[in-house]
Structure formats: C-alpha cells, structure tokens
Protein chains: 2
Amino acid sequence: MCAQLLSTQPYKGTRDFYPEDMQLRNWFFGRISEALRLASFEEYNAPMIESLDIYIAKSGEEIAKEQTYNFVDRGGRTLAIRPEMTPSVARMVAAKMGELNFPLKWFSIPNMYRYERPQRGRLREFWQLNVDIFGCDGYEADLDVIESAILVLRSFNADETMFKVHINNRRFFNDVISAICGTDADNSKKVSKIVDKRNKISREAYEKELAELGISSAQIEKIDALYSMDVKSACALCPDSIGANELLSLFDMLEKTDLLKYCVFDFGIIRGLDYYTGTVFEVFDESPENNRAMFGGGRYDNLVGMFAKNAKISGVGYGMGDVTLENFLVTHGLVPDLYAKEVRVLVARFDDVPYENYISVVASLRNAGIPASLYLGSKKFGKQIDYAVKGHYSHVLIMGGSELEAGIAKIKDLNSREEIAVAISDIPSVLK
Amino acid sequence: MCAQLLSTQPYKGTRDFYPEDMQLRNWFFGRISEALRLASFEEYNAPMIESLDIYIAKSGEEIAKEQTYNFVDRGGRTLAIRPEMTPSVARMVAAKMGELNFPLKWFSIPNMYRYERPQRGRLREFWQLNVDIFGCDGYEADLDVIESAILVLRSFNADETMFKVHINNRRFFNDVISAICGTDADNSKKVSKIVDKRNKISREAYEKELAELGISSAQIEKIDALYSMDVKSACALCPDSIGANELLSLFDMLEKTDLLKYCVFDFGIIRGLDYYTGTVFEVFDESPENNRAMFGGGRYDNLVGMFAKNAKISGVGYGMGDVTLENFLVTHGLVPDLYAKEVRVLVARFDDVPYENYISVVASLRNAGIPASLYLGSKKFGKQIDYAVKGHYSHVLIMGGSELEAGIAKIKDLNSREEIAVAISDIPSVLK
C-alpha cells in the first residue's frame, strides 16, 4: 500500500459513469441501435488501438501526432488510441473486400480519444455514432443515410421544430462557382477556398481576396444570392452539373417521402475542401439558445485507397458525438425519468424469517422477469426503505414473521406509498 | 495519399468485429446484462485511460509497468490503458463514498488492454464482465455474488453438467492449517505459501519444504485429506473458525435454495495469497476437453484504501473474460444461429416502379417494428436475391410494375423459398 493517497478524480477530459449516468448512456445507445437496426444497418466495431500510420495517411503526420494519444510498443510499433473511426472501418473493408456484401450498411458507437483541451461539448474521451453506407454510388444511399439520421433523432421524439438537416453538394458547389465565375478548374479551386471562408473572415477581406482572383462585384453578388436560394433556383444556374442533378433527385425524393419538412438546402454547408466529393449535410439544433450544427457528414470517394491499389469503394455517412446528442436531448426536454416506469423490487429482510424463504421469493420474482434483490444486511426496516428509495426501487416487499405465518406479504409502492397485502404465491403476478 | 499501402490487419492481439462477430458479442453482453439486471445489479463504467499510479498502488511498479500500455501525456502525467477494472471502481467508490447507497450491487463489461504475448484465451484487447457487491460484510453478499454467476451462465442455458462453482474460504484455509500444524500465525503463513504451491511443484519438493518447517508426515496427510473432504467434515476440523462458519452458512443456504447442484467445496481454491480475505471461488468448465477454471473471484477487504484513509469498504466479486465465455459456450453448443429467428426484409427494386413507392413500403415495415431496407442500387433481381441471402435477410419483398398495378406484392421467405402474394397494405401484418 502506498503511503500517499491517490486522487479519486478521473483523468482530465474523461468521465466516470455511475449507474445513473450509465442508465442514461444505455438508453441513448439502445434507442440509436434500435432505430438503426430497424433501418437495417448492422453494427461493427474495431480495436481501440491502431497503427498511427492509418491516421497519418488520412490527416497528415502533424495532425495525427498532435491529436492522438500515441506511443511506441516494445516491438517498435507506433500506435495510437483511435481519434475517429473512418480509418479503422476503411481497414476492415479493405481486408475483406472480396467477401463483403456490398452495399454495406454499417454503424458503430465506439469510444475514442482526442488529445485536446477539454471544453463544453468536447471531451478527451467520447463516444461517437458512425453510420455509413459503403459501395453504393447513387443518391439513393445519400437519401438512406440522411433518413437514418432523421430516424435516430425521431426515435427520441425529436420533431421538425427541433432539428433540421442542411444539405448541399460538393460537385454542385464546384460547378456553380465555375459557372458564375467562368474560370477554369484551377482558378475555381482558389475561389472555392475563399468562399469556404465566407463566414470565418470579415466581409472586407472576403471581397478583397475574391477581387484579387479577378472575381467582379456582380459575380460576388451572384454567389451571395445562392445562400438564400431554394434548391431548384440554385440548380438552375448550372443545369448540366451532375451535382445539381444529384441534389434535385435527392430533394425530389425527400419531398415525395415526406422527409422534406426535416430538411433544407443550404449553400453554406461545405465541410472542408479535401475530403467530401458529393452530398454534404449538417444537422442543426433549432433551439434559439443552441442553434448550431450538431453533426454532419457526406459522400466521399476512395475509402480504401490507403490499403488497396486500384480499388475504389465510395462511402456516405456521418458521425455524431454522445455529448452533442445529450445536450440536444436535454435542451429539448427529451430525456424522460428513466427510472419512472421500471418495476424493481427490494425484498426487505426481518430476522424472524428464515433466509431461504426470502431467497425463494426473490427467485420467483426473477423467474417472472421482474428485477429483484433481497436487502443485503440486517438494518432496521426504516433504513431498508431508505435504501430502496435511494436505489430507485419501485416497490418494497414486506414479509415478516407474522406475514409469513399468514402466507401473505405486503407490497409497498414507493411512488404512491400505498401498501397492499397479497398471497405469497401471487406476488409475481400482482407485480407484473 | 501515401505511396506505400498500409496493412489491413488489426494490431496484434486485438480483433475486428465485423457485423456477424458483433451480433454474437451483442448477444453475449445482452444476455449477461439482462441476467444481472434481473438480479438487481446496476451497470457502471469508467474511462479507458487512468493514472498509472492506481495500478502501481495495487500491483507494484514492476507488474503495473510491464503489463500495461502506459505513456506520458504532454502535461507529464503517466497514464495507462486499464488492464483491469478494480482500481477504477475503487476510485469511483472512494470519490462518492458519502453519497453512495451501500451495499452497492454493480457490474460492468469494459474493454481493457494487457501487454502480453497473445495466445489461446488471452488477447491484448479483451472485454471482462466485472460483478461486485461493495459494503456488505456478511456471507449473504457472497451468496448473492455466486448466485449471480450461476444466473449468468444459466441465462445461456448452461446447466449443472456443464459448469461447477468450486468454493473455499481464505480464513478457513488459514485457520485449518494452523489447527492441523499447531503453529503460530507467522509459521502458519509460511506453511500456507507451500500448500498454495501444492499442484505447481513436485510432490517430493512439496513434502520436503513442509518438513523443513517442522510439519510431520501425519500433518501432511491431514492436509491432503482436506482436498477430498466435504464441507462439513472439513469445517469440523476447526469449528471455532469464523471462516468455517462462513463456509457452513454459505453451503447451508446453497442447499436450501437449490443452488448446491452447481457448487462444490474445494480446498484447492486459493487464488493467490495477498488479496482475498474470505470466500473464494472459481467456476470450472466441466467438459472433459476443456476441464479448467474459467473465472473466479472472492471477498477482499479495504477496497478504497489507496484513495481514502480510515475508510474500510469490503467487496466480493468476480471477473469473467469474453473469450473464456465464448469458448465455454461454443464447447457446449450453446450458441444458437442468431440470424435464424429474426425477421428482416429486403425490398427488391425494379426500374418500372417509382422509387417513392418503395420508400413508403419500407417505412410501413419499419413503423411496424420490422427491420427493413430497400436494395440500394439497380442490379438484376437475381443479384438482389443473392445480396439478401448473404446479408442474412429473412424475406425479400417483390413489387414490380405488374404487382404494383394489381395492388399486391410477393413475399419470398428465404428459408423455405416459398412465395406468397399479399395486398400491399397487408404487408406489415403478414410479416409480423
């Protein structure tokens, strides 16, 4: 034993999950899994530790080394605790490319670590729902993925007043910028980079940088107009664009399937310039006090490129953090009292009743599917009631010597505080 | 993109969980959680990363450093990926000692990492069920914990021919050795150390080492006899021992509650000399080809000592690895075909039917609680059937242009290969 006492705090940016926290987390993840299983997504997982190389290949050495917990094992391998799931799932898909049943509809709720300063909504250890469809190039997969995000949120009783899916398309973005600016691909990329910064730099700087690339005020106005256009007017600006047609197909289907109320076209959704290649979307919290993007995703090409040559598998998907979801559900009052509905019975213990009688009552409850425990110890009845209340039990079963002699027990409902007497053999059926 | 292709293999000693593996794992963990919730245990969890100090405090610096993946963060903190759960849960209990509702009945199924050579049954990343009762000193908690292990195994339909709980008591062990050898506490400890090695060293060495401590052949014979005694005869050798009385109470209650068929007294169960202080047990696989201890546990004192002075909280519990459980269930044929019972519908897609008609059929299935997906893509019907079979779908819904016109669809059962025609509006109710 050490002489100095150790800290009882968890490591900075991580959380302990006491039973009440865990109950909440299980409820979150259970709902999500159920919604996605209904939508026929299958769950997978991968190890917490991966070779650092796969993060370097995706994000570059500097970011990979700075954002991950990484270390060298005794065999000289440089490892990292996963900061995201995409490189792992890309590795898994690449490993069994010939055997897997494409298109894959996969999800996972892994925990991951990012080495960053902890702040509201950003922790060092977090869980992240990952939903993806691999190996389907059509807009149908984009629709299915967006629908799955809506189904997940709806499974928590969130409705269209609480969230909106903001949708854009990266190909359309490139094409419409080219169409407006009449520039070649190379210059168009430079323009795109500035447009991507539109809300991050001052208006003055924005206009100046565009002007330097030869973009006129009239062209800047045309770009500005895109941010308040509906999808049809926007797409009319470059009708031959594949991206425009993907957008139109997607919104047409959203309308016909009654999902449009959850969705809106938003030219401001870019999500960085290097990764996504088609549909991109972000899900916004609509509450005035928290109106911001909660999570997002989109379509990307060449998932397995770092693992397999000459193999192209596309993906479309999103990632949603557990803290983000929790904030959203709490803000909108969508977290119920998880202990309220559950029947859970504490059998109180009295010294004048043989212990085995209690054990058999507990067993009869469990056999009937009712969670039950005997009070472990020999404290006074009042203390046992306190224990039951604090422990979220719904009922206390009272069977002292006199009750046992009469072949009955009393069931005390801890919510209503009512007590009823029932025959011992009827206990499970009364509680069911 | 890197020029060199990366390996698709997971890190040594870790596993990828493809959907079929994950389905199995979810089934394992779901059964365990359900059995323990019925027994009124509550789930908790803790971060994957902890301060290395808590493992050093429990196991010493050498073991802690050698067995864990550990590293220093940029703040100079030495951290470890957890190799076990007890130090974390001790920290959590110590942190809220004044608020928690003792006795606690807690469980967790965390993943953890141990830096060791991977071999059958021992991986570097594994999951481990931890079940504990904290803050109850009586044999009642020991009984409840042992019963929970039996309930967990029974929930997989394992019966008393497949496993047995071997039970001993560390206090009884010490007391009966003293009683037989008539030695003082100090010498008794030395004798115990040799008895603990009984099956690990040669008989010759065993007798020699005991003789060196002044133990006679007659005394050695008396110790030998304990290994084939029943619990009553064994306890009669030191009737005043607290440990003997705990054993007798425990076995009396096991008998009265019909759990004795799963249990046996076994003087050979020691589980190391430094940690456990009362009841100790190990659960054995009874199959001839795998007859060995699968997991075990027992009672220990002073759970929170390294975190809090002058506070004593006892615990009794066990840990069970996921690989061990899987081996046991597979050996005894207790893993069913998990896809066999599930209804899961693939809606086949034909080009002459508007896409929104398919989307609405899929939505009606999901609303009825039936997992369903539209085939994503536009391959020939035969390919779509192949996809459904390989993807463990139970049914394919066939609705081409002619069926749609007639207001019907065909449901193909992929097990029986039978096809029935139903009205489109009846699809969910027929499949339910």
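Scroll up to find the structure.
Residues numbered from 1 in each chain as written. Chains lettered and ligands numbered in written order. Predicted model: local features only at pLDDT ≥ 70, side-chain atom pairs only at ≥ 80, totals over all residues.

Asker: Would you explain the environment of Glu-20 of chain A in this entry?
Answerer: Residues and elements named next belong to chain A. Structurally, Glu-20 is set in helix α1 (residues 19-38). Accessibility expressed as a C-beta count within 10 Å gives 13 for Glu-20, which makes it partly exposed. Note: C-alpha distance between Glu-20 and Tyr-339 (319 residues apart in sequence) is 9.2 Å. (Helix = DSSP H or I, 4+ residues; strand = E, 2+ residues; numbered from the N terminus. Buried ≥ 20, exposed ≤ 12 C-beta atoms within 10 Å, placed from the backbone.)

Asker: Hey, could you run me through unusual backbone geometry in this one?
Answerer: Residues other than glycine predominantly adopt negative phi, and peptide bonds predominantly adopt the trans conformation. All names here are of chain A. Residue Phe-102 is joined to Pro-103 through a cis peptide bond whose omega torsion reads -5°. Within the chain, Asn-302 stands out as a residue other than glycine whose phi angle is a positive 55°. Positionally, Asn-302 belongs in the loop between β11 (293-300) and β12 (315-321). A count of 15 C-beta atoms within 10 Å places Asn-302 in the partly exposed class.

Asker: I'm lost on the pairing of strand β16 (residues 408-413) of chain B in this one. Help?
Answerer: Working note: regular strand, side chains alternate between the two faces of the sheet. All names here are of chain B. In terms of strand pairing, strand β15 (residues 395-398) meets β16 through four bridges, oriented antiparallel. Directly across from Val-396, in β16, lies its bridge partner Lys-412. Across five bridges, the pairing between β16 and strand β17 (residues 419-423) is antiparallel. Directly across from Ala-409, in β17, lies its bridge partner Val-422. (Pairing = 2+ DSSP bridges.)

Asker: What am I meant to see in the relation of the copies chain B and chain A here?
Answerer: Relating one copy of the chain to the other takes a rotation about an axis and a shift parallel to that axis. If you rotate chain B by 180° and push it 0.0 Å along the axis, it lands on chain A with an RMSD of 0.1 Å. Put plainly, the chains are arranged around a two-fold axis. Across chain B, the smallest distance between a C-alpha and the rotation axis is recorded for Phe-71 of chain B, namely 3.2 Å. (Least-squares fit on C-alpha atoms with pLDDT ≥ 70 in both.)

Asker: Would you mind showing me how to read the nonpolar core here?
Answerer: Across soluble globular proteins, you tend to see nonpolar side chains buried next to one another. If you look at the biggest cluster of nonpolar residues, it comprises 251 residues, and the most contacted ones within it are Val-93, Val-347 and Leu-397 of chain A together with Val-93, Val-347 and Leu-397 of chain B. Here this core spans two domains, since at least three of its residues come from each of domain 1 (19-331) and domain 2 (345-431) of chain A. Sequence-distant contacts of Val-347 of chain A, defined by excluding residues within four places in its chain, comprise Tyr-358, Val-361, Val-362, Ala-372, Leu-374, Tyr-375 and Leu-397 of chain A. (Core = buried A, V, L, I, M, F, W, Y, C linked by C-beta atoms within 7 Å. Domains from an automatic or database assignment. Contact = placed C-beta atoms within 7 Å.)

Asker: For this particular structure, what's the right way to read helix α1 (residues 19-38) of chain B?
Answerer: An α-helical turn contains 3.6 residues, so a residue and the one three or four places further along point in the same direction. In a regular helix each residue adds 1.5 Å, so 20 residues correspond to 28 Å; α1 of chain B covers 28 Å between its end C-alpha atoms and thus fits that length. Considered for burial, the residues of α1 of chain B that qualify are Pro-19, Ile-32, Ala-35, Leu-36 and Leu-38 of chain B. Residues of α1 of chain B that are buried make contact with β1 (42-43), β5 (104-108) and α13 (355-367) of chain A together with β5 (104-108), β7 (125-134) and α5 (139-154) of chain B. Of the residues one or two after α1 of chain B, Ser-40 of chain B is the one with positive phi, at around 65°. (Expected span 1.5 Å × (residues − 1).)

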